[in-house]
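# Observations on chain architecture
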There are 2 protein chains.
Amino acid sequence: MTSPTPQDLDALIDIVGEKGLMQADHGDGSGGDDLVPYETCVRYGAGKAAFVVRPANSQETSRVLAYCYGRGITLVPQSGNSGLVGASTPDSSGMQGVLSFDRLLETQGADASSHKQIIFDEENRSVTVGAGVRLSDLNAFLEPKGYVFPIDLGADPRIGGMIATNTGGARFLRYGDVRQNTLGVKVVLADETGTELDFMSGLRKDNTGIDWKHLFIGTTGVLGVVTEAVLNVVRLPQQSTAALLVPRDEAAVLKLLLEMEERCDSNLTAFEGMSAEAIRAAFDHVPSLRNPFPGGDIPDYVLLVELSRTWAKRDSEQSLDELMEVVLAEIWEDEEAPLENAFIGRPEEMWALRHALSEGVKHAGKLVAFDVSFRRGDLMKFRSFMAQELPEKFPNVRICDFGHVGDGGLHFNLSIPQDDPRLNDAAFIPSLREWVVKMVVEQYNGSFSAEHAIGRSNQEFYDSYTPNKVKELAAQIKDVLSPGDLGDVKLG
Amino acid sequence: MTSPTPQDLDALIDIVGEKGLMQADHGDGSGGDDLVPYETCVRYGAGKAAFVVRPANSQETSRVLAYCYGRGITLVPQSGNSGLVGASTPDSSGMQGVLSFDRLLETQGADASSHKQIIFDEENRSVTVGAGVRLSDLNAFLEPKGYVFPIDLGADPRIGGMIATNTGGARFLRYGDVRQNTLGVKVVLADETGTELDFMSGLRKDNTGIDWKHLFIGTTGVLGVVTEAVLNVVRLPQQSTAALLVPRDEAAVLKLLLEMEERCDSNLTAFEGMSAEAIRAAFDHVPSLRNPFPGGDIPDYVLLVELSRTWAKRDSEQSLDELMEVVLAEIWEDEEAPLENAFIGRPEEMWALRHALSEGVKHAGKLVAFDVSFRRGDLMKFRSFMAQELPEKFPNVRICDFGHVGDGGLHFNLSIPQDDPRLNDAAFIPSLREWVVKMVVEQYNGSFSAEHAIGRSNQEFYDSYTPNKVKELAAQIKDVLSPGDLGDVKLG
């Protein structure tokens with residue numbers, strides 16, 4: 001790793017212009033830009049940037065990567081900086097540059113001369129976007145046209161970061177993850193020439209060799225920087241209904257999932273699990289939330305199920321509310337019904353609760369968060385195991401989990417009282433994290449990163465749980481594609 | 001490339017046993033096995049095999065690949081041998097061995113000691129299968145359980161070949177391709193040790209580095225041999241309805257697609273296009289097919305649309321037939337309705353016609369077939385262009401295409417009278433093929449292989465239309481993963 005010199009910064013300004021480069025001071029002691037927002041990420045510690053370079057398009061990105069490769073300067077790609085694994089910020093050396101996607105907002109039009117922010121191809125049901133476009137901006141563009149990019153998240157990332165982490169979200173069950181909705185990418189490699197690779201045909205069926213985009217999706221930018229993408233979009237639902245279901249017991253959760261899948265088909269667009277502790281934390285933190293449970297008594301575990309459709313209800317047909325009622329009645333008829341209770345209500349209220357869980361648990365104590373996944377049938381078994389084992393291994397640690405039961409994803413959150421003296425022991429949280437991940441991976445064949453990908457905070461688990469041969473191959477592939485440093489994640 | 005010696009054949013027998021090796025003669029002049037079915041493929045010329053080796057599991061495959069790598073023997077992976085691009089058979093040298101999937105029928109059970117043919121995990125909605133299992137056998141296993149592997153094809157391939165070609169099929173619009181339905185693979189590399197890589201966790205969300213399976217899906221086995229897989233399965237539809245729609249004109253086809261997508265959401269499970277020439281060829285070849293058109297007059301272009309659902313119709317709700325009627329009536333209300341005519345009928349009859357097209361066109365003359373794809377909006381434009389240009393460039397060549405309008409895939413079939421003297425000119429068909437592909441790729445930004453992947457028959461197009469830098473990277477990745485020869489396809 002090389003520390004950038006004033007000459008390096010001048011060379012970068014030659015590529016991206018004055019407004020494309022931010023420095024802590026301007027190299028002449030004349031003050032400088034505020035780099036803190038680029039040095040700090042949501043969950044993990046702050047680093048120190050040598051500079052922030054903000055190319056406006058693929059060509060500039062290419063020249064920046066080639067230059068930094070030649071000089072041995074490490075660049076850390078940073079998209080919306082809303083990631084949760086510490087992949088998007090520089091380390092504390094002050095030697096790394098941040099490659100910000102702030103200005104990567106445009107994409108090359110079909111006629112190659114016009115650059116536009118978002119190109120919509122309704123017949124293909126796709127959009128072409130720059131990697132710096134925010135999810136909310138993309139959806140604000142699509143909504144009046146009756147479409148949506150169907151990755152449903154609490155956060156508001158930029159598209160490049162969503163691709164780098166292969167974000168999933170709450171409607172994965174119906175629409176899949178970012179990978180499934182990415183039709184093409186333009187990538188810049190960290191090599192001698194800053195190779196630009198254009199896989200932007202936007203075709204849905206194309207099997208003419210390696211499908212390159214998959215190497216860059218979910219690999220945190222370490223194999224190359226995605227600067228543009230073609231994304232699948234879907235019709236915006238015109239009807240939706242939601243219910244809160246209380247399963248009779250733990251085993252009932254999966255029975256309910258299978259019943260709902262059979263009886264509602266793809267009208268079922270979410271099947272989310274929420275623990276009582278997480279719900280309580282949300283109510284504590286967001287007093288405006290309405291408590292939908294009779295007498296305010298929060299059940300141990302609650303499922304949020306959603307049905308939706310892209311057409312407006314016709315007079316001749318059942319509404320989705322009616323469908324939900326019919327389906328729940330059918331399930332209830334069974335003597336051994338997996339259902340204890342059900343509440344049909346306003347979807348917005350239920351989703352407000354669901355989306356408040358994340359903020360809630362952050363304020364319930366010292367949060368130790370895991371983004372894990374299982375085969376669907378193992379998720380509830382892991383929860384039971386933890387409910388039993390955790391108090392013995394780590395007493396006085398509350399489980400306030402929630403997650404995506406429909407796809408096996410679990411946000412397994414642990415909360416420790418802020419005044420717990422164990423928090424003064426620097427080894428305590430690492431040992432807790434290590435044990436939980438060990439149980440996830442070794443006992444339940446799960447993943448230690450379901451939808452947040454790899455960063456500094458889980459590199460140790462990648463190192464431990466990836467077979468040596470796989471790491472060796474990954475290092476060789478990294479070397480083939482982008483021999484230069486892109487962030488701190490090490491695949492090898 | 002090395003020609004296998006009698007000692008090599010003995011060494012292979014040591015690995016796979018007598019019944020695992022087939023030879024033209026047994027090395028002692030005592031006659032031998034019938035290798036012709038392994039030397040001949042559906043559409044392209046016959047080769048000559050030095051031997052056919054049929055390992056029973058991944059471990060044997062690993063030992064075979066390591067041995068052949070060490071001896072420089074080329075193996076051609078062959079799954080169901082139903083591919084259409086000449087990738088699964090040996091060349092005419094008589095030096096290549098066929099690696100047959102015939103006996104790759106088992107998979108390692110969760111307890112690692114029991115081997116089973118198909119392991120069903122209902123809660124995860126997945127199956128674990130050996131690569132040699134036939135699609136029809138998998139679905140026969142799943143059907144009584146109420147599930148299906150949703151790749152709908154005319155042929156009956158084995159799973160390994162479906163993965164190697166990333167098969168799409170007629171219900172891609174709703175269920176996606178094999179890639180989208182593959183949760184994991186076990187792969188054997190052609191290297192010194194025959195490295196086995198196990199990516200069989202079967203998780204739906206897992207972002208812990210490179211998602212390796214995607215390198216082996218759709219790359220014709222050249223990067224490694226998939227021996228087992230975890231596949232997504234879906235509920236078997238309990239209701240379905242179909243209609244034949246006659247679009248008002250060409251532009252109306254895409255309008256109809258968008259209308260149907262909005263008004264039927266994911267109940268829309270197929271949107272297939274059929275040309276009059278292809279339909280006529282099917283009627284000519286399969287006289288038992290009923291002609292559903294009034295007076296037998298076949299329209300220029302017909303769409304087969306299907307709606308289906310996983311639940312049985314409830315008394316309280318509209319049937320899918322009624323939904324289809326309502327939707328078509330809504331579309332018809334518009335003054336500029338894109339619809340000229342519509343026939344709702346028995347889905348089996350309509351699918352019988354659709355599935356007979358492929359056989360029909362084979363018998364209509366000398367067939368020159370293309371499996372191409374476009375952005376959805378370009379498919380019909382390409383057809384128009386061809387209807388106009390082809391007769392000028394290549395007179396007396398009939399277009400009898402059909403395809404998957406809903407995903408941009410087009411089986412662009414050309415038929416030449418068998419007695420056409422141009423067929424005596426060896427350069428005629430190659431020049432026709434070259435021109436058509438040039439138009440697809442250069443004029444319409446399409447793909448020259450939508451769902452059949454790469455083989456001998458389209459290698460030349462891969463070579464022409466893949467950028468040099470991409471070929472260079474592909475060759476390096478091939479070298480990292482499987483330096484040994486697996487088939488004749490060259491990615492570099």
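Residue indices follow the written sequence of each chain, beginning from 1 at its first position. Going through the entries in the order they are written, you letter the chains from A and number the ligands from 1. Per-residue local features of the predicted model are confined to residues with pLDDT of at least 70, and side-chain atom pairs are confined, for both listing and counting, to 80 or more; whole-chain, interface and lining totals are unaffected and use all residues. Side-chain descriptors were evaluated using all non-hydrogen atoms of the structure, hydrogens and water having been removed beforehand.

For the rest of this paragraph, the subject is the overall build of chain A. Going along the chain from the N terminus, every DSSP run of H or I of four or more residues is numbered as a helix, and every run of E of two or more is numbered as a strand. Scanning chain A from terminus to terminus reveals 15 helices and 21 strands. Taking 492 residues into account, the globule formula puts the C-alpha radius of gyration at 23 Å, and chain A, at 24 Å, falls close to it. For the C-alpha atoms alone, the extent of chain A along its principal axes is close to 75 × 60 × 45 Å. Here chain A holds 492 residues, and 63% of them are scored as buried. For a compact globule the rule gives 2.2 Å times the number of residues to the power 0.38, and the radius of gyration it is set against comes from C-alpha atoms. Burial classes: relative accessible area under 20% of the type maximum marks a residue as buried, over 50% as exposed, and values in between as partly exposed (1.4 Å probe, protein chains only).

Turning our eyes to something else, we now look at the pattern of salt bridges. When a carboxyl oxygen of Asp or Glu is within 4 Å of a side-chain nitrogen of Lys or Arg, the pair counts as a salt bridge. In this structure the tally under the stated criterion is 66 salt bridges over all chains. A salt bridge links lysine 469 of chain A to glutamate 472 of chain A, with the nearest nitrogen and oxygen atoms 3.5 Å apart. Taken as a pair, lysine 469 of chain A and glutamate 472 of chain A lie in helix H15 (residues 468–481) at a separation of three residues, close to a single helical turn. You can call glutamate 472 of chain A partly exposed: its relative accessible area is 43%. With a closest N to O distance of 3.0 Å, lysine 213 of chain B and aspartate 211 of chain B form a salt bridge. Owing to a relative accessible area of 17%, aspartate 211 of chain B belongs among the buried residues under this scheme. A cluster of three or more residues bridged by salt bridges with shared partners is formed by Glu259, Arg263 and Glu330 of chain A together with Arg314 and Glu317 of chain B.

Further remarks concern the sheet that holds strand S4 (residues 97–100) of chain A. Residue and element names in this part refer to chain A. The sheet built from four strands is open, its strands ordered S1-S2-S4-S3 with mixed pairing. In this open sheet, the two edge strands, each paired with only one partner strand, are strand S1 (21–22) and strand S3 (75–78). We treat two strands as partners when DSSP finds at least two bridges between them. One ladder, built from two bridges, connects S1 with strand S2 (residues 51–53); its direction is antiparallel. The residue bridging leucine 21 from the neighbouring strand is valine 53, located in S2.

Next up on the list: the relation of the copies chain A and chain B. When chain A is fitted onto chain B, the two copies agree to an RMSD of 0.0 Å after a turn of 180° and an axial shift of 0.0 Å. Such a combination of turn and shift is consistent with a two-fold rotation axis. A symmetric contact is evident, with 100% of the interface residues of chain A recurring at the interface of chain B. To superpose the copies, least squares is applied to the C-alpha atoms of every residue with a pLDDT of at least 70 in both. The criterion used for residue contact is that any of the two residues' heavy atoms lie within 4.5 Å.

The next subject is helix H10 (residues 320–333) of chain A. Residue and element names in this part refer to chain A. Expected helix span is taken as 1.5 Å per residue step, with the number of steps being one fewer than the number of residues. The terminal C-alpha atoms of H10, which comprises 14 residues, lie 20 Å apart, in line with the 20 Å expected from a rise of 1.5 Å per residue. Taken together, the buried positions of H10 are Leu320, Leu323, Met324, Val327, Leu328, Glu330 and Ile331. Down the axis of H10, the buried set is contained in an arc of 155°. They therefore lie on one face. Residues of H10 that are buried in the fold lie against strand S14 (239–247), helix H8 (250–264), strand S16 (301–309) and strand S17 (339–345). Along the arc lie the directions from the helix axis toward the C-beta atoms.

On to the pairing of strand S10 (residues 182–188) of chain A. Residues and elements named next belong to chain A. By the criterion of burial, S10 is predominantly enclosed, with seven of the seven residues buried. Relative to strand S11 (residues 196–199), S10 is paired through four bridges, and the arrangement is antiparallel. Note on S11: the bridge partner recorded for lysine 186 is aspartate 198.

Turning our attention to the sheet that holds strand S4 (residues 97–100) of chain B. Picture the strands of a sheet paired through backbone hydrogen bonds; they go either parallel or antiparallel. Strands sit in the order S1-S2-S4-S3 (chain B) across an open sheet of four strands; the sheet is mixed. Two strands lie at the open edges of the sheet, namely strand S1 (21–22) and strand S3 (75–78) of chain B, each paired on one side alone.

With that settled, consider unusual backbone geometry. All names here are of chain A. At arginine 125, a position not held by glycine, the phi torsion is positive, near 50°. Among the secondary structure elements, arginine 125 is positioned in the loop between strand S7 (118–121) and strand S8 (126–130). Phi at threonine 220 is positive, roughly 55°, even though this residue is not glycine. Note that threonine 220 resides in the loop between helix H7 (213–216) and strand S12 (225–232).

Quick look at the interface of chain A and chain B now. The interface of chain A with chain B comprises 90 residues on the first partner and 90 residues on the second. Note on definitions: buried area is the accessible-area loss of two parts on being combined, 1.4 Å probe, summed for both. With both sides pooled, the region where chain A packs onto chain B buries about 7300 Å², and carbon together with sulfur makes up 54% of that total. Summed over the shared surface of chain A and chain B, the number is 16 salt bridges. Among the ionic pairs, lysine 205 of chain A bridges to aspartate 407 of chain B, the shortest N-O distance being 3.3 Å. The biggest single contributor to the side of chain A that touches chain B is H15 of chain A, with eight residues.

On to the environment of valine 226 of chain B, then. Residues and elements named next belong to chain B. Mapped onto the elements, valine 226 comes out in strand S12 (residues 225–232). Taking relative accessible area as the criterion, valine 226 reaches 6% and is therefore assigned buried. Put simply, valine 226 and leucine 268 are 42 residues apart on the chain and 32 Å apart in space, counted from C-alpha to C-alpha. Ignoring any residue separated from it by four or fewer positions in sequence, one finds valine 226 in contact with Phe101, Ala131, Ile163, Val185, Lys186, Val187 and Phe216.

With that settled, the discussion passes to the nonpolar core. The definition of a nonpolar core used throughout is a set of buried Ala, Val, Leu, Ile, Met, Phe, Trp, Tyr and Cys residues joined through side-chain atoms within 4.5 Å. Core analysis: the largest hydrophobic core is formed by 187 residues, its most contacted members being Met260 of chain A together with Trp212 and Met260 of chain B. Take this core: its biggest share by element is nine residues, from helix H13 (residues 428–443) of chain A. Ignoring anything within four residues of it in the chain, the contact list for tryptophan 212 of chain B reads Val470, Leu473, Ala474 and Ile477 of chain A together with Phe199 and Leu481 of chain B.

We now examine helix H3 (residues 58–71) of chain A. All names here are of chain A. Between the first and last C-alpha of H3 there are 20 Å, a value that for 14 residues agrees with the 20 Å anticipated at 1.5 Å per step. Listed as buried for H3 are Ser58, Glu60, Thr61, Ser62, Val64, Leu65, Ala66 and Cys68. Within 3.5 Å is the distance limit for a polar contact, defined as a pair of N or O atoms, with the added protein rule that one can donate a hydrogen and the other accept it, and that residues adjacent in sequence qualify only through two side-chain atoms. Residue asparagine 57 occupies the N-cap position of H3, its side-chain oxygen lying 3.2 Å from the main-chain nitrogen of glutamine 59.

Note on aromatic contacts: the rings of Phe and Tyr and the six-membered ring of Trp form a pair at centre separations within 6.5 Å, being stacked when their planes are under 30 degrees apart, edge-to-face when over 60 apart, and tilted otherwise. All told, the structure shown has 26 aromatic pairs over all chains when counted by the stated rule. Summarising the aromatic geometry, the rings of phenylalanine 374 of chain A and tyrosine 444 of chain A are spaced 6.5 Å apart at their centres and angled 90° between planes, so their arrangement reads as edge-to-face. Residue phenylalanine 374 of chain A is found in the loop between strand S18 (366–373) and helix H12 (376–393), and its partner tyrosine 444 of chain A is found in the loop between H13 and helix H14 (459–465); the two are separated by 70 residues along the sequence. Given a relative accessible area of 1%, phenylalanine 374 of chain A falls into the buried group. Three or more aromatic residues joined by ring pairs form one cluster here, namely Phe370, Phe374, Phe382, Phe385, Phe412 and Tyr444 of chain A. The rule for a charge over a ring is simple: NZ of Lys or CZ of Arg within 6 Å of the ring centre, and within 35 degrees of the ring normal. Positioned above the aromatic ring of tryptophan 351 of chain A, the side-chain terminus of arginine 171 of chain A is 4.5 Å from the ring centre. A cation over an aromatic ring shows up here: lysine 145 of chain B above the ring of phenylalanine 141 of chain B, its NZ or CZ 4.1 Å from the ring centre.

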